Amino acid sequence: MKALITGVTGQDGSYLAELLLEKGYEVHGVLRRSSGQERNRFRHLSHLTESSSVKLHYADLSDPTAMRRILNRVQPDELYHLAGQSHVGLSFEIPESTFHEVAGATLSLLEMCRDLEKPPRLYQAGSSEVFGNPTQIPQTEETPFCPVSPYGCAKAFSVNLCRVYRESYGLHVSSGISYNHESIRRGSSFVTKKITSAAVRISQGCDEVLELGNLEASRDWGYAPEFVDAMWRMLQQEKASEFILATGKATRVRDFVVSAFDRAGFRLEFEGEGVNEVGRDSDSGRELVRVNAEFFRPADPQNLVGNPQKAKDVLGWEPKEDGHSLAARMVADEIEPITGS
């Protein structure tokens, strides 16, 4: 079996490549030439034999000629489309490029697959951001889309477009409507990684205060390696479809922070209200966390909690980590290389 992964150097791409190699796949990855500096996520694959390592291809998703050549050369059985601008907050700053990288690239890939003599089975990375402020809690595959960010709009377009190409052209296209999933490989601009890395640095003696936005915002946070397993399971099904990938449990940013700092050896207690709120270590009284109004989003999704029942029933997928255990795991994973424990 041959698989092609776009966004192979990202968090999900690196875990997925590892999973597929372990299953005996020939794995190919697409990355932009500028992505070279992000290969640190890929170093964990160095223990694998050279014959089974990931074969890299350079292309930009905005360049359909290069992508067509790669698809024709590789002839993959499975195509995992994970690439694109994935930072929700940033999408308010760069809405046009977000749309082109997310929605436009998905359309191009669908057209390329449609033209192939033997189209690959395609996985498209959706997002819980398509629901925005949802009409029901928890959300299912039938919940209407109501995005509140440019990123969410682009993902809603992509999920709907995949359904259209599946029904109109018979392509085997599945979309994973993934809720937030994190790990030690998460990019530093994401709030979970920002929190856990700060907790580790402070525990190692760094004199800093972690600044965050809305502590009451909540997310359905899961563990990235578990989510990529579900992606693979989708493409093993005879019938393609949409699947909610979630834990079914919401965790506030505040609680994620408390769990992370607790694993790092602190007991946080909060005082004050709104933008004046701070978190202190109850033992030393030291200020460790403060709210900064600059980190509040123009619009923030509310009550995003997914119901993964369809994925459980059809894929046999069962997530184990939730926001609380995830925060502790991310801190522990980052502390381990420092302490050698």
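Here, every reference points to the structure presented above.
All of the points below concern the structure found in this document. Just so it is clear, the model here is predicted, and its values are computed rather than measured.

Another point: the overall build of the chain. Of regular secondary structure, the chain possesses ten helices and 15 strands. Scaling as 2.2 N^0.38, a compact globule of 341 residues should have a C-alpha radius of gyration of about 20 Å, and the chain matches this with 20 Å. When its C-alpha atoms are laid out on the principal axes, the chain stretches across 65 × 50 × 40 Å. Taken over 341 residues, the chain has a buried fraction of 53%. A separation of at least 24 residues holds for 77% of the contacts in the chain among residues at least 6 apart in sequence. As presented, the chain carries roughly 15,100 Å² of accessible surface, and 47% of it is formed by carbon and sulfur atoms. Computed over 38 positive and 48 negative side-chain charges, the inter-centroid distance for the chain is 5 Å.

Judged by nonpolar contacts, the single largest core of 29 residues is most densely connected at Ile 5, Leu 20, Tyr 80 and Tyr 123. Elements with a minimum of two residues in this core: strand 1 (2-6), helix 1 (11-22), strand 5 (121-125), helix 7 (224-235), strand 11 (242-245) and helix 9 (309-315). Top contributing element to this core by residue count: helix 7, with eight residues. Excluding residues within four positions of it along the chain, Tyr 123 makes contact with Leu 79, Tyr 80, His 81, Leu 82, Ser 174, Ser 175, Gly 176, Ser 178, Met 231, Met 234, Leu 235 and Leu 245. With 27 residues, the next largest nonpolar core counts Leu 212, Ala 260, Ala 264 and Leu 268 among its residues.

Bringing unusual backbone geometry into the picture now. Here Ile 137 and Pro 138 are connected by a cis peptide whose omega angle stands at -5°. Within the secondary structure layout, Pro 138 lies in the loop between strand 5 and helix 5 (150-169). The backbone of Gln 75 shows a phi angle near 50°, a positive value even though the residue is not glycine. With respect to the element layout, Gln 75 can be found in the loop between helix 2 (64-74) and strand 4 (78-81).

This next bit is on helix 4 (residues 95-115). In an α-helix, one turn spans 3.6 residues, which is why side chains three or four residues apart end up on the same side. With 21 residues, helix 4 extends 30 Å from end C-alpha to end C-alpha; this agrees with the ideal 30 Å at 1.5 Å per step. For helix 4, the principal kink sits at Gly 104 and spans about 30°. Regarding helix 4, the residues found buried are Thr 98, Val 102, Ala 103, Ala 105, Thr 106, Leu 109, Leu 110, Met 112 and Cys 113.

Here Val 148 lies in the loop between strand 5 and helix 5. Note: C-alpha distance between Val 148 and Asn 303 (155 residues apart in sequence) is 13 Å.

Parameters and conventions
- Residues numbered from 1 in each chain as written.
- Predicted model: local features only at pLDDT ≥ 70, side-chain atom pairs only at ≥ 80, totals over all residues.
- Heavy atoms only, no water.
- Helix = DSSP H or I, 4+ residues; strand = E, 2+ residues; numbered from the N terminus.
- Rg over C-alpha atoms; globule rule 2.2 N^0.38 Å.
- Buried < 20%, exposed > 50% of the residue type's maximum accessible area, 1.4 Å probe, protein only.
- Contact = heavy atoms within 4.5 Å.
- Areas by Shrake-Rupley, 256 points an atom, 1.4 Å probe, with all protein chains shown as cover.
- Lys, Arg positive; Asp, Glu negative; His and termini not counted.
- Charge placed at Lys NZ, Arg CZ, Asp CG, Glu CD.
- Core = buried A, V, L, I, M, F, W, Y, C linked by side-chain atoms within 4.5 Å.
- Expected span 1.5 Å × (residues − 1).
- Bend = angle between axes of the 7 residues up to and from the residue.

These values are about where atoms sit, not about what they do.
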